[in-house]
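Structural features, examined
Given next are the chains, with one letter for each unit.
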Amino acid sequence: MNDFADALRLPRAHGGAVGSGLLRSHPEDFVVREWLGFEADGEGEHWLLTVRKRGANTQWVAKRLGQIANVHPRDVGFAGLKDRNAVAEQAFTVPVRSAVPNWLVVSGDGFEVVRAQRHRRKLKRGALKGNDFQIVIRDFTGDRAALATRLAVIEAAGVPNYFGPQRFGREGANLRRAVAHFTGQRVIEDRFERGFALSAARALLFNAVLAARIDAGTWNRFEPGDVANLDGSNSIFVPESIDPGAIDAALLERCAQLDIHPTGPLWGRGEPSTSGSVQQLEKDIASRSAVLAEGLASAGLEQERRALRLRVRALTHSFDGNDVTLRFRLGRGCFATAVLHELLQDAFDMETPESD
């Protein structure tokens, strides 16, 4: 396995950084709002709560809501994790049978309930479409025209769908735990800690494949043997005509329109679902990090796929003096860091929240 610092030296797809600046000088400089993609049912056995939090992580808030409601923590549902060092609005569900008659007066250290509606189902992990981001870059230094041009390119062409540094933990702690677990130095009993470690191992291998495809100029186009992802969904399929001499024109057009994307591996048991040179690249990279690849397979994870390209929607920017505010929407499981990496020097050194 490469040194953790090397894992974050990832190539950009659209050229060098166009500037630098300070990220997250205050939590209010990084605002994320969940986009569930559905409305509350208006009836049912759960409260669907919108919670605004600042300086508090998701699991801690979920635990506090359970204590306030006098229910078991497992009865509190949420769709995704949001970082502590940010202002986030996200949804939770608690049973109606809870001990709270009016959730709109509930608040705690670093959080407050701002909306409460009846809902039929407990909120499950992953049950959201994406997140809306508002990010302030303080003291931006760079060519403003170049920034505007780069943002236009990003909105039209997308960015590499890297896992951000927060997936690996502070100073790579999650990744180091994975290595210790796989090599028998430490058995991770806690399921949440183990899940973070396994996710970090998968993320490292995925990022390495994506970086190799960027270097080869193939991260945003189909190659023989590729597997496709339908944008904004978990739908994965093998295109029928990925052939060097006869790639279907409609397929190429859909790729150009960001409707479908080539994919990379989330490593697990068995062979990747790709074929030919694409599969060989993925296997070669996995073999260079054999401790991680073999450990993931031994842990019982199955091979899965993730889009190599990330579509960035509703992207705008505005200046206030030397500070620039970015606004955009990302799909579920995608990282704002991937967008910032295409703009700023050292963006991957910043621990920015993920869109999970």
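Please refer to the structure higher up on the page.
The rules behind the values
Residues numbered from 1 in each chain as written. Predicted model: local features only at pLDDT ≥ 70, side-chain atom pairs only at ≥ 80, totals over all residues. Heavy atoms only, no water. Pairing = 2+ DSSP bridges. Helix = DSSP H or I, 4+ residues; strand = E, 2+ residues; numbered from the N terminus. Expected span 1.5 Å × (residues − 1). Buried < 20%, exposed > 50% of the residue type's maximum accessible area, 1.4 Å probe, protein only. Arc of directions from axis to C-beta. Contact = heavy atoms within 4.5 Å. Polar contact = N/O pair within 3.5 Å; in protein donor to acceptor, adjacent residues only side chain to side chain. Core = buried A, V, L, I, M, F, W, Y, C linked by side-chain atoms within 4.5 Å. Axes fitted to C-alpha atoms, helices over the stretch in contact; angles between N-to-C directions. Parallel < 35°, antiparallel > 145°, perpendicular 65-115°, else oblique. Left-handed = near helix turned anticlockwise from the far one by under 90°. Nonpolar A, V, L, I, M, F, W, Y, C, P; charged D, E, K, R; others polar.

Attention shifts here to the pairing of strand β15 (residues 313-320). Looking along a regular strand, one sees the side chains alternate between the two faces of the sheet. Relative to strand β16 (residues 323-331), β15 runs antiparallel, the two sharing six bridges. Among the inter-strand pairings, arginine 313 is bridged to a residue of β16, identified as arginine 329. Turn length for the β15-β16 hairpin, with the two strands adjacent in sequence and antiparallel, is two residues, and the turn residue glycine 321 shows positive phi of about 65°.

For helix α3 (residues 144-157), which comprises 14 residues, the first-to-last C-alpha distance of 20 Å matches the rise-based estimate of 20 Å (1.5 Å per residue) to within 8%. Among the residues of α3, Leu147, Arg150, Leu151 and Ile154 are the ones counted as buried. Projected onto a plane normal to the axis of α3, the buried residues spread over an arc of 100° and lie on a single side. Exposed side chains of α3 directed beyond 90 degrees from the buried face belong to Ala145, Thr149 and Ala156. For α3, the secondary structure elements touched by its buried residues are β8 (130-142), β9 (159-160), β15, β16 and α9 (336-341). Its side-chain oxygen 2.8 Å from the backbone nitrogen of alanine 145, aspartate 143 forms the N-cap of α3. Positive phi appears at glycine 158, one or two residues downstream of α3, with a value of about 80°.

With that settled, consider the nonpolar core. Tyr162, Phe182, Leu210, Leu292 and Leu296 are the most contacted members of the largest nonpolar core, which totals 31 residues. Of all the elements in the fold, those that place two or more residues in this core are α4 (173-182), α5 (191-216) and α8 (290-298). The dominant element in this core, judged by the number of residues it contributes, is α5, at 11 residues. Excluding anything up to four places from it in sequence, leucine 210 contacts Pro160, Asn161, Tyr162, Trp219 and Leu308. By size, the runner-up hydrophobic cluster in this structure holds 29 residues, among which are Val18, Leu151, Phe328 and Cys334.

Moving on, we get to the packing of α5 against helix α7 (residues 276-288). The interhelical angle for the contact between α5 and α7, taken along N-to-C directions, is 130°, at an axis separation of 10 Å. By the angle between their axes, α5 is oblique relative to α7. Note on packing geometry: the crossing formed by α5 with α7 is right-handed. Together, Leu205, Ala208, Val209, Ala212 and Arg213 of α5 and Val278, Leu281, Glu282, Ile285 and Ala286 of α7 make up the contact between the two elements. Counted by class, the contact of α5 with α7 contains eight nonpolar, no polar and two charged residues.

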